[in-house]
Amino acid sequence: QVQLVESGGGLVQAGGSLKLSCVALGYTLSINVWAWYRQAPGRQREFVASISSSGAPTYADSVKGRFTVSRNNDKRTAALQMNSLKPEDTAVYYCAADIGSGLGYDFWGQGTQVTVSS
């Protein structure tokens with residue numbers, strides 16, 4: 001049973017930083033693309049960032065210049081460094097993994113809450 005387990009969420013003041021981590025448990029093959037999504041109350045889940053197998057990142061316009069996505073292929077982990085946080089970044093953050101099945105993101109984490117106070 002493959003599980004994506006996130007950690008690192010919490011409460012932070014505006015302007016602060018948090019680092020989210022995600023590890024793939026029970027999976028020994030390579031992961032094609034890692035991604036981070038978020039969902040704020042009353043809103044649809046939205047794309048935040050992704051990183052390809054070659055390490056090429058993609059960011060939503062709303063987080064460019066503030067967030068950095070990374071991955072460790074050996075450890076099967078991904079991370080999202082979030083700086084200069086804003087209250088509008090408050091959401092549940094999810095990691096997702098695409099193993100190249102052609103079905104989009106095959107695995108999702110359970111989500112971790114990020115709350116940014118003003």
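Each remark here, short or long, concerns the structure printed above.
The structure displayed is predicted, hence computed values, not measured ones.

Parameters and conventions
- Residues numbered from 1 in each chain as written.
- Predicted model: local features only at pLDDT ≥ 70, side-chain atom pairs only at ≥ 80, totals over all residues.
- Heavy atoms only, no water.
- Helix = DSSP H or I, 4+ residues; strand = E, 2+ residues; numbered from the N terminus.
- Rg over C-alpha atoms; globule rule 2.2 N^0.38 Å.
- Buried < 20%, exposed > 50% of the residue type's maximum accessible area, 1.4 Å probe, protein only.
- Contact = heavy atoms within 4.5 Å.
- Areas by Shrake-Rupley, 256 points an atom, 1.4 Å probe, with all protein chains shown as cover.
- Core = buried A, V, L, I, M, F, W, Y, C linked by side-chain atoms within 4.5 Å.
- Lys, Arg positive; Asp, Glu negative; His and termini not counted.
- Salt bridge = Lys/Arg side-chain N within 4 Å of Asp/Glu carboxyl O.
- Polar contact = N/O pair within 3.5 Å; in protein donor to acceptor, adjacent residues only side chain to side chain.
- Pairing = 2+ DSSP bridges.
- Axes fitted to C-alpha atoms, helices over the stretch in contact; angles between N-to-C directions.

Now for the overall build of the protein chain. Tallying secondary structure elements over the protein chain gives zero helices and eleven strands in all. Against the compact-globule benchmark of 13 Å for 118 residues, the protein chain has a radius of gyration of 14 Å, which places it among compact chains. In terms of overall dimensions, the protein chain has C-alpha extents of about 40 × 25 × 25 Å along its principal axes. Per-residue burial for the protein chain yields a buried fraction of 40% across its 118 residues. Considering only contacts within the protein chain whose residues lie at least 6 apart along the sequence, 52% involve residues at least 24 apart. Surface exposure of the protein chain reaches about 6200 Å², of which carbon and sulfur atoms provide 48%.

The next subject is the nonpolar core. Counting residues in hydrophobic clusters, the biggest one holds 29 residues, and the most contacted among them are W34, W36, V48, F67, L80, M82 and Y93. Elements represented by at least two residues in this core include exactly β3 (18-25), β4 (33-39), β5 (46-51), β7 (67-72), β8 (77-82), β9 (91-98) and β11 (112-117).

As for its placement among the helices and strands, E6 is situated in strand β1 (residues 3-7). Buried charge without a salt bridge: E6, with R45 as the nearest opposite-charge side chain at an N-O distance of 7.9 Å. At 3.2 Å, the side chain of E6 and the backbone nitrogen of Q110 are in polar contact. Within the structure, the side chain of E6 is placed 2.5 Å from the backbone nitrogen of G111, a separation counted as a polar contact. Excluding residues within four positions of it along the chain, E6 makes contact with S21, C22, W36, Y93, Y94, C95, G109, Q110, G111 and T112.

Looking at chain direction, β4 and β5 are connected through five bridges and run antiparallel. The residue of β5 that forms the bridge with R38 is E46. Where β5 and strand β6 (residues 57-59) come together, three bridges link them in antiparallel fashion. When the bridges of β6 are listed, A49 appears paired with Y59. With antiparallel pairing between neighbouring strands as the criterion, β5 and β6 make up a hairpin whose turn holds five residues, including G55 at a positive phi of roughly 95°.

Read across the open sheet, the four strands follow the order β1-β3-β8-β7; overall the sheet is antiparallel. In this open sheet, the two edge strands, each paired with only one partner strand, are β1 and β7. Across the sheet, the mean angle separating the axes of adjacent strands is 15° when strand polarity is ignored. Bridge count for β1 against β3 is five bridges, and the pairing is antiparallel. Within β3, the position partnered with L4 by the bridge is A24.

The analysis is restricted to geometry; functional conclusions fall outside its scope.
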